[in-house]
Amino acid sequence: MSEQGEWSEPAAAAPAVSAAVTPADAADAARLVAFGLQPKLQPARDQEYAELLRRYREDSPFARLADAVAAGLGLVVLEVSPRAGMAVTAAEDSVFAVRMGDYARRTAADSGDRFLHGLAHLAVAAMAFPRPEDLADDGYIGRVTVNGVDAFVRQACRRLEERADEQGMNTDPATDAPGLEAAWRIWVRRSATGATKDARRLAGSTTGIVGKAAAFLTDSGFLQRTGDDNGGTYRTTARYQLQVRDMAGSAAMAELLELGVVPVTDGTASLMPAEDTEDLELVADAGLPFHS
C-alpha cells in the first residue's frame, strides 16, 4: 500500500512556464513593427504605439516576439524607446531595403549620377554628426542646409584634388570609377544650382542632388525641415542618429571625415581648413544608406 500510496501522490510541481503565444500577441507584435515602419509617426502622439512600446520594454516574451517578427521581415531593430519609437533598418535581403539604383530612378537621375546621389547622402550624415561624441549623445540634434552640404562636399573635393596633386595622381579617370578620389572630379564639374528661366535649381545640379537627398530623408523620418534658408534647412531626428551610428564605421564615412573638412554644426556653410591625413582605402558604396 505504501508503494501504491507513493505512486498515487501528486507529482512535484513543474517549473513555471511562460504562457503560450496567442494570435492576439502575434498581432500586437506585428502592429508594433508596422508602427516602426512609419518613421514620421511619433509615439507621444499615438496612444496605441506608446502602449505597445511600454509592453515591449516590460514584457520580455512580447519583446522577443516583436524582434522575431522584425527579423522575419528582414529588419534590424536599432532601438526601441519613447524617443525613437521602434527604430528599424532594412537588411540587404529585406523587401524593405532601398537600393541606390531604385533611389536614382525615383529622383529621375541617369545611371551616371548614381554615385553622386550616394555621396550626397554620405555628406549629409557626416555634416550632421561630424564628431563621435555627437553620435554618442542621445540629446544631440544635428542641423544641416542644402547649400551647406554642397559647400562641404566641394571643400572635400578641393582637399582630394590637393592630395591627388601631391601624389602625382591627378589624372582624369573614367566617370564611373568608384571612390572619393574619382568623385571629386565629377562633383566639381557640375553646376551648383544650374539655371532655369524661373530661377529654380536644376535637379541634376549638385544642390539639386543634395535637395533630393534631404527630401528623401525627410520623407523617411530621418530629417525634419525647419526653413527655406540656404536652399533648405533641416534638423536630425533620433531615428537618423541611430541610422548614422549603424554606418559610422564604414570606410566611406571614415575617409570623408578623415579629410579634416569639419563643418560648423549649425547648418551653415562655414568650414574648418583641411589638414593632412593618411590615405584610407575606400570600398565602393561602403556605408552608404543603400544596398548595391
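Refer to the structure presented above.
Residues numbered from 1 in each chain as written. Predicted model: local features only at pLDDT ≥ 70, side-chain atom pairs only at ≥ 80, totals over all residues. Heavy atoms only, no water.

Draft legend 1. Spatial organisation of unusual backbone geometry. One non-glycine residue, Asn-230, lies in positive phi territory at about 55 degrees. Residue placement: Asn-230 occurs in the loop between strand S4 (223–227) and strand S5 (233–236). Exposure remark for Asn-230: the relative accessible area of 44% places this residue in the partly exposed category. (Helix = DSSP H or I, 4+ residues; strand = E, 2+ residues; numbered from the N terminus. Buried < 20%, exposed > 50% of the residue type's maximum accessible area, 1.4 Å probe, protein only.)

Draft legend 2. The arrangement of the pattern of salt bridges in detail. Taken as a whole and judged by the stated rule, the model has 14 salt bridges. The salt bridge involving Asp-134 is made with Arg-131; its shortest N-O contact spans 2.7 Å. In this structure, Asp-138 engages Arg-245 in a salt bridge whose closest nitrogen and oxygen atoms are separated by 2.6 Å. Taken together, the residues Asp-138 in the loop between helix H7 (132–136) and strand S3 (143–145) and Arg-245 in helix H11 (residues 238–247) connect sequence positions 107 residues apart. Judged by its relative accessible area of 43%, Asp-138 is partly exposed. The exposure class assigned to Arg-245 is partly exposed, which follows from its relative accessible area of 28%. Residues joined in a network through salt bridges with shared partners are Asp-25, Asp-28, Arg-55 and Asp-59. (Salt bridge = Lys/Arg side-chain N within 4 Å of Asp/Glu carboxyl O.)

Draft legend 3. Just the packing of aromatic side chains, in detail. Tallied over the full model, the rule gives 4 aromatic pairs. Here Phe-35 and Tyr-49 contribute two aromatic rings whose centre-to-centre distance is 4.7 Å and whose plane-to-plane angle is 15 degrees, an arrangement assigned as stacked. Residue Phe-35 is located in helix H2 (residues 23–36), and its partner Tyr-49 is located in helix H3 (residues 47–58); the two are separated by 14 residues in the primary sequence. Judged by its relative accessible area of 2%, Phe-35 is buried. (Phe/Tyr/Trp six-rings, centres within 6.5 Å; stacked < 30°, edge-to-face > 60°.)

Draft legend 4. Seen up close, the nonpolar core. Grouped together as the largest cluster of nonpolar side chains are 34 residues, with contacts concentrated most on Val-149, Trp-187 and Tyr-240. Mapped by element, the contributors of at least two residues to this core are helix H6 (114–128), helix H8 (146–166), helix H9 (180–189), helix H10 (206–219) and H11. Of the residues forming this core, the biggest block, 11 residues, is contributed by H6. For Trp-187, the residues in contact, after removing those within four places along its chain, are Leu-116, Leu-119, Ala-120, Asp-150, Val-153, Arg-154, Cys-157, Thr-206 and Val-210. Counting residues in each nonpolar core, the second largest holds 17 residues, with Val-33, Tyr-56, Ala-66 and Val-88 among its members. (Core = buried A, V, L, I, M, F, W, Y, C linked by side-chain atoms within 4.5 Å. Contact = heavy atoms within 4.5 Å.)

Draft legend 5. Quick peek at the sheet that holds S3. Strand order in the open sheet formed by 3 strands is S3-S5-S4, with antiparallel pairing between adjacent strands. Of all strands in the sheet, those with a lone pairing partner are S3 and S4, marking the two edges. Between one strand axis and the next, the sheet turns through 35 degrees on average, direction left out of account. Of the strand pairs in this sheet, S3 and S5 are connected by 3 bridges, and their pairing is antiparallel. For Thr-145, the partnering residue across the bridge sits in S5 and is Thr-233. (Pairing = 2+ DSSP bridges. Axes fitted to C-alpha atoms, helices over the stretch in contact; angles between N-to-C directions.)

Draft legend 6. Region of interest: the pairing of S4. Across 4 bridges, the pairing between S4 and S5 is antiparallel. Residue pairing for S5: Gln-224 is matched across the bridge by Arg-235. Linking S4 to S5, which pair antiparallel, is a turn of 5 residues; within it Asn-230 sits at a positive phi near 55 degrees.

Draft legend 7. View of the side chain of Thr-89. Residue placement: Thr-89 occurs in strand S2 (residues 85–90). Overall, the relative accessible area of 13% leaves Thr-89 in the buried class. Polar contacts involving the side chain of Thr-89 include one to the side chain of Gln-243, which spans 3.3 Å. The residues contacting Thr-89, other than those within four sequence positions of it, are Gly-74, Leu-75, Val-76, Leu-78, Gln-243 and Asp-246. (Polar contact = N/O pair within 3.5 Å; in protein donor to acceptor, adjacent residues only side chain to side chain.)

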